[in-house]
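# Overview (structure and organization)
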Amino acid sequence: MERVYTLGELIRTKELARLQGTFSRLCGTEVVICNPAGKRIDVPTNKTSAGHDPNLVCNGMSVPVLWKAHVLGHVVVLDPERCTHATELAGLLADVLSALCHAQGYIRKRVSELAAVYDLGALFASSKNLDEMLNITAKRICDVMGVKAASIRLLDEATGTLVISGEHNLSERYLRKGPVTLRDNPIDAAAIAGEIVYIEDARTDPRVRFPEHARREGVVSGLCSPMSYRGYTVGVLRIYSGRKQRFSDFDVELSRAVASQAAAAIVHSRLFKEALAAAAQERQLKRGGQIQRRMVLRQAPPHPRITFGQVYEPSLEMVGDFFDYLDLPEGSIGVAIADVVGQCFPGALMNASVRS
C-alpha cells in the first residue's frame with residue numbers, strides 16, 4: 001500500500017506558520033493549521049501539569065485538508081464571526097495545503113521510485129544468487145508501486161515456456177496453476193515481442209488463460225513488461241494489482257526500467273557462468289593436452305639402416321593427430337601416421353584408443 005504522509009512531513013513547519021500568519025491577517029482573526037487530532041502543527045506540544053494540552057484547538061470553524069481522500073489536518077478559524085469571508089478563506093487555505101501536499105507526495109513518490117531503481121542496480125551488481133535477486137526485485141517493485149504482487153518469468157527458448165524465477169506475495173497454488181507457454185498466452189507473447197501489455201481485469205480478460213485462478217488469488221489489473229537487454233528478451237515482469245487500476249506513464253516507465261535492469265543482470269549472470277565453465281574446460285584441455293603430448297615419442301627409435309626425423313606441432317590443446325613406430329619381425333620397423341576425424345576430446349579419445 002502507498003504510504004500516507006502527515007501534513008508536517010509534506011510541508012515544513014516554517015511554511016505552515018507563514019501561511020497561518022498570512023491568512024490570519026486576511027481574516028482579521030487567528031487561523032490555525034491542525035493535525036487530524038486537532039493539535040496545532042506550528043508549535044511543539046507543551047502539556048500542563050494537569051494534563052491539559054494548550055495546543056489542542058477545539059473551537060472554531062474547521063475545513064479539512066485532504067490528500068487522496070485522506071484527512072491530513074484541518075484549517076481552523078478561531079473566531080469566524082469577525083471575518084465575512086471566513087469560510088471562503090479557510091477553504092482556500094485548505095485547497096492550497098492540499099495542492100502542496102499533492103505536489104510533495106508526487107515528488108516523494110518519484111524520488112522513491114528512482115531510489116528503488118538505483119538500489120536494484122546496486123543489488124544486481126553485487127549479488128551472485130540470481131533467484132534471491134529476482135525475489136527481492138519483485139518485492140521492491142511491489143513496495144514502490146503499492147501493488148499486490150509481482151512475478152518474474154524467464155523464457156526457456158528450447159520449449160517456449162516461461163518459468164517462474166522470482167515472485168512476491170503469490171500463493172503456491174497460483175504459481176503452479178499450469179504451464180505458461182508463448183503459444184497459448186498472447187499476453188506473454190506480446191511482452192516477449194517487446195510490448196508493454198496492460199490487463200484491466202484478469203478475471204474477465206479473454207487473453208488470460210486462467211481467469212478462475214486470478215479470481216481466487218484476488219488479482220485484478222496487471223502490467224506485463226518485457227525483460228530485454230540489448231535487443232535480447234529473456235523473460236517477462238508481471239505486476240498485479242488487487243483492484244482495477246489504470247497505471248500511470250511513470251508506473252509503465254518504472255516497470256520497464258526495472259525489467260531492463262533485471263534482464264541485464266540475468267544476461268551478465270549467465271555470461272559469468274559460461275565464462276567460468278569455459279575457463280574450467282580450458283584448464284581441462286590444457287591438462288589433457290599435456291598428458292597427450294607426453295604420450296608422443298620425443299625421438300624415433302634407433303634403426304641400423306634408417307634415420308627418422310619428426311616434428312609434432314598441434315594446432316589445439318588436444319587433437320586427433322597420431323603417429324607411432326612399430327617393431328616388426330626380422331628387424332623391420334613400421335611407421336603409422338593418421339589424422340583422426342574430429343578435434344579436441346573426440347579426436348584425442350580415438351587417438352588413445354588406436355594407440356592402445
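Above this text is the structure in question.
In short, a report on the structure. These numbers were taken from a predicted model, which means no experiment stands behind them. (Residues numbered from 1 in each chain as written. Predicted model: local features only at pLDDT ≥ 70, side-chain atom pairs only at ≥ 80, totals over all residues. Heavy atoms only, no water.)

### Considering helix α2 (residues 13-27)
To keep things clear, this is the line we draw: Starting at the N terminus, helices and strands are each numbered in turn, a helix being any DSSP run of H or I of at least four residues and a strand any DSSP run of E of at least two. What a helix is expected to span follows from its residue count: subtract one and scale by 1.5 Å. Three exposure classes are used, based on accessible area relative to the maximum for each residue type with a 1.4 Å probe and protein chains only: buried under 20%, partly exposed in between, and exposed over 50%. Arc, as used here, means the arc of the directions from the helix axis to the C-beta atoms.
Under the 1.5 Å per step criterion, the end-to-end length of α2 is 21 Å for 15 residues, consistent within 8% with the ideal 21 Å. The complete set of buried residues in α2 reads Leu16, Leu19, Gln20, Phe23, Ser24 and Cys27. Each buried residue of α2 lies within a common arc of 135° when the element is viewed along its axis, so the set occupies one face. The exposed set on the far side of α2, more than 90 degrees from its buried face, consists of Lys14 and Arg25.

### Focus: the pattern of salt bridges
The condition is simple: Each salt bridge in this description consists of a side-chain nitrogen of Lys or Arg and a carboxyl oxygen of Asp or Glu lying within 4 Å of one another.
Tallied over the entire structure, the rule returns 10 salt bridges. One salt bridge in this structure joins arginine 18 and glutamate 15, with 3.1 Å as the shortest N-O distance. Of this pair, arginine 18 and glutamate 15 both sit in helix α2, separated by 3 residues, roughly a single helical turn. Of the residues examined, glutamate 15 reaches a relative accessible area of 23% and is grouped as partly exposed. What you see here is one network of salt bridges that share partners, running through Arg12, Glu15 and Arg18.

### Section: the pairing of strand β1 (residues 31-34)
Here is the rule: The criterion for strand pairing is that DSSP finds at least two bridges linking the strands in question.
Across the two faces of β1 the burial is the same, with Val31 and Ile33 and Val32 and Cys34 all buried. For β1 and strand β3 (residues 70-77), the ladder comprises 4 bridges, and the chain directions are antiparallel. From the neighbouring strand, valine 32 faces β3, where its bridge partner is valine 76.

### Some points on the sheet that holds strand β8 (residues 232-240)
Selection rule: Simply put, an axis is a line fit to the C-alpha atoms, just over the touching stretch for a helix, and the angle between two N-to-C directions goes from 0 to 180 degrees. Contacts are assigned to residue pairs that have any heavy atoms within 4.5 Å of one another.
Strand order across the open sheet formed by 5 strands is β5-β4-β8-β7-β6, with antiparallel pairing between neighbours. Of all strands in the sheet, those bounded by a partner on one side alone are β5 (161-168) and β6 (197-199). Taken over all neighbouring pairs, the strand axes of this sheet differ in orientation by 25° on average, direction set aside. Bridge count for strand β7 (residues 222-229) against β8 is 8 bridges, and the pairing is antiparallel. In the sheet register, serine 228 faces β8, and the bridge partner there is threonine 233. Contacts between helix α4 (residues 130-145) and the sheet are confined to β4 (149-156), β5 and β8, with β5 contributing the most and set at about 65° to the helix.

### A short note on the packing of aromatic side chains
Our working rule: Pairing of aromatic side chains here covers Phe, Tyr and the six-membered ring of Trp, requires ring centres within 6.5 Å, and sorts the geometry by plane angle: under 30 degrees stacked, over 60 edge-to-face, intermediate tilted. For a ring to carry a charge above it, either NZ of a lysine or CZ of an arginine must fall within 6 Å of the ring centroid while also lying within 35 degrees of the normal to the ring plane.
Enumeration according to the criterion identifies 5 aromatic pairs in this entry. A ring pair is formed by phenylalanine 308 and tyrosine 325, whose centres lie 5.2 Å apart and whose planes are at 65°; its orientation type is edge-to-face. Of this pair, phenylalanine 308 sits in the loop between α8 (249-295) and β9 (321-327) while tyrosine 325 sits in strand β9, and the two are 17 residues apart along the sequence. Classification of phenylalanine 308 by relative accessible area gives partly exposed; the value is 27%. Ring centres of phenylalanine 323 and tyrosine 325 lie 6.3 Å apart, and the angle between their planes is 90°; on these two criteria the pair is classed as edge-to-face. We classify tyrosine 325 as buried; its relative accessible area is 12%. One aromatic cluster is present, built from ring pairs that chain together Phe308, Tyr312, Phe323 and Tyr325. One residue, lysine 177, lies across the ring of tyrosine 174, its end atom 3.9 Å from the ring centre.

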